[in-house]
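Per-entry structural report
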Amino acid sequence: MNTAEHYLELGVRLRTTNKPQEAIAELTKALDLEPTHEFVLAELVLCYLALSDYTSANFFTDEICHYHPKSALGVYLKATMALQKDQLAVAEDYIRQAIQLNPFVAEFWAVLSAIFIQRKSWNEALKYAHKGLELEPDNSTCLNYQTICLNQLGHTELLQDSMEETLYNNPNDAFSHANVGWALLQNQEVEQAKTHFAEALRLDPNMKFARHGMIESIKSQNWIYRQFLAFSFFLSKHNGLVQLAIIIGLMMGANYLGDLSDQYPWILPIYLLVIVVFYVSWIIEPLGNLFLRLNKFGNLALSTNEKRASEIIGIGLVGGLASTVYYIVTRTTVGWISLLFCFTIIIPLSQCFSMGFIKNRKWLPLSITGLLLLMGVFNIVLIITFHKVSNFITYYEYLFVAYLWLINLGIIKEEEI
């Protein structure tokens, strides 16, 4: 007769090979034999977290805390679940409780490091990763978090050592290869990054983290895209408030250039270039995917949502350019409104796919996008039919600017596709 340990071993093997549903079936058999088995319950929690089934995960976490009140494992899993749900304060509270119960587990310190990575507090995150490595020098999670922190802090020499150590200790770990790939990509070592992303995908063909990195590496072969990606990496090193301050500063600088161009016409081309750069920065990812579709292998790497977003960008840019030509030739209001509408609506419309708003049913960005679409079409129809411009065009402009600010402030949050 098979024991609970036998089914537990099968469950662990299935979970670690990305088969959580099959793992749950085996672990349930183990639970039938030993209903209070701490590690069986813990594995069930990890399986349900992999499926984002937080109700079931929370139930089995509570079971651990009930049957094993002196164990830190249940509290650690509560912290892991809260972290996965981006509840950073809750996660920190739980993991500190776990550390109080047992401060000698490297993975506990890794979770604390992950929390501060999310907050972009790189020095604090590095400190906790080091605490984990003091307990377990070859801990994969702590080594990877150390690499992330050193990369964001710009410690180039230490970063190289950390990457080598990570891969030496975890040569067959897909996340380690993908993480090193992102570090190399951020330092514009594109070809080396592609090598590690390819290895990560060989080890785990379904890893989105590695797939996205490979796509960015292919797009980074384009010099222009590489500059926008570098700016994106620069922003990612700072927390939300600093990012917002940088963006506001750049926007104020652009407005100042616009004012100066009235007095000094030679500044106008510089001002227009800045505006174009600002605009392209909003559509650069789906625009890059549009060009990537010309690459046979790149096209295969794109998800359905990424393809839809790139198609929206392509259609919108063609419509915008056609409207621009029409406006230059005719100087009519309908030409101006059409080009304004085409060039602006593609930003929120493409982000419904590229940022996962449709998939995750995010009502705020979807509602604003729908309203912008209706207002834009209404304005164009009104001008064509009655040759009249309504106040809705002003409201459209205000709502569009509000959408951009909501994105910058993080109120509309990016989701993983």
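The present account deals with the structure reproduced in this document. (Residues numbered from 1 in each chain as written. Predicted model: local features only at pLDDT ≥ 70, side-chain atom pairs only at ≥ 80, totals over all residues. Heavy atoms only, no water.)

1. As for the overall build of the protein
A tally of regular secondary structure across the protein gives 21 helices and zero strands. Taken over the C-alpha atoms alone, the protein extends approximately 85 × 45 × 40 Å along its principal axes. Per-residue burial over the protein gives 46% buried out of 417 residues. Here the analysis covers contacts within the protein between residues at least 6 apart in sequence; of these, 58% occur between residues at least 24 apart. With an accessible surface of roughly 22,100 Å², the protein has 61% of that area assigned to carbon and sulfur atoms. Side chains of the protein give 29 positive and 38 negative charges; the mean places of these two sets differ by 8 Å. (Helix = DSSP H or I, 4+ residues; strand = E, 2+ residues; numbered from the N terminus. Buried < 20%, exposed > 50% of the residue type's maximum accessible area, 1.4 Å probe, protein only. Contact = heavy atoms within 4.5 Å. Areas by Shrake-Rupley, 256 points an atom, 1.4 Å probe, with all protein chains shown as cover. Lys, Arg positive; Asp, Glu negative; His and termini not counted. Charge placed at Lys NZ, Arg CZ, Asp CG, Glu CD.)

2. What about the packing of aromatic side chains?
Inspection of every chain in the model, using the stated rule, returns twelve aromatic pairs. Three or more aromatic residues joined by ring pairs form one cluster here, namely Phe175, Trp182, Phe197, Phe209 and Phe233. The ring centre of tyrosine 54 lies 5.2 Å from the NZ or CZ of lysine 85, which sits over that ring. Sitting over the ring of phenylalanine 116, arginine 119 keeps its end group 5.2 Å from the ring centre. (Phe/Tyr/Trp six-rings, centres within 6.5 Å; stacked < 30°, edge-to-face > 60°. Lys NZ or Arg CZ within 6 Å of the ring centre and 35° of its normal.)

3. Things to note about the nonpolar core
Core analysis: the largest hydrophobic core is formed by 108 residues, its most contacted members being Leu44, Tyr76, Ile95, Leu112, Ile115 and Leu185. For this core, the element with the highest residue contribution is helix α19 (residues 333-354), accounting for eleven residues. When near neighbours in sequence (up to four residues on either side) are disregarded, isoleucine 95 contacts Tyr76, Ala79, Phe108, Val111, Leu112 and Ile115. In terms of nonpolar packing, the next biggest core, distinct from the first, is built from five residues, Ala178, Ala200, Met207 and Ala210 among them. (Core = buried A, V, L, I, M, F, W, Y, C linked by side-chain atoms within 4.5 Å.)

4. Observations regarding the packing of helix α7 (residues 106-118) against helix α9 (residues 140-153)
The relative placement of two packed helices is expressed as an angle between their axes plus a distance between the axes. With their axes 9 Å apart at the nearest point, α7 and α9 run at an angle of 25° to one another. One finds that α7 runs roughly parallel with respect to α9. Relative to α9, α7 is oriented so that their crossing is left-handed. Contacts between α7 and α9 pair Ala106, Glu107, Ala110, Ser113, Ala114 and Ile117 from the former with Thr141, Cys142, Tyr145, Ile148 and Cys149 from the latter. Class assignment for the residues of the contact of α7 with α9 results in eight nonpolar, two polar and one charged. (Axes fitted to C-alpha atoms, helices over the stretch in contact; angles between N-to-C directions. Parallel < 35°, antiparallel > 145°, perpendicular 65-115°, else oblique. Left-handed = near helix turned anticlockwise from the far one by under 90°. Nonpolar A, V, L, I, M, F, W, Y, C, P; charged D, E, K, R; others polar.)

5. Let's talk about a nonpolar patch on the surface
A contiguous nonpolar surface patch, about 250 Å² in accessible area, is contributed by Phe231, Phe234 and Leu250. The topology assignment puts phenylalanine 234 in helix α14 (residues 223-236). By relative accessible area, phenylalanine 234 is classed as partly exposed at 39%. (Patch = residues over 30% accessible without salt bridge, like charges linked within 9 Å, V, L, I, M, F, W, Y side chains within 5 Å. Salt bridge = Lys/Arg side-chain N within 4 Å of Asp/Glu carboxyl O.)

6. A short note on the environment of valine 180
Mapping valine 180 onto the fold places it in helix α11 (residues 174-186). Linking valine 180 and leucine 167, residues 13 residues apart in sequence, is a C-alpha distance of 8.3 Å. In this view, valine 180 contacts Met163, Leu167 and His196; residues no more than four positions away in its chain are not counted.

7. Section: the pattern of salt bridges
One pass over the structure, following the stated rule, counts twelve salt bridges. Here arginine 15 and glutamate 43 are joined by a salt bridge, their closest N and O atoms 2.5 Å apart. Highlighted residues: arginine 15 in helix α1 (residues 4-16) and glutamate 43 in helix α3 (residues 38-50), separated in sequence by 28 residues. On the basis of relative accessible area, arginine 15 is assigned to the partly exposed category, the value being 24%. Exposure remark for glutamate 43: the relative accessible area of 11% places this residue in the buried category. Each of Glu92, Arg96 and Arg119 takes part in a single network of salt bridges with overlapping partners.

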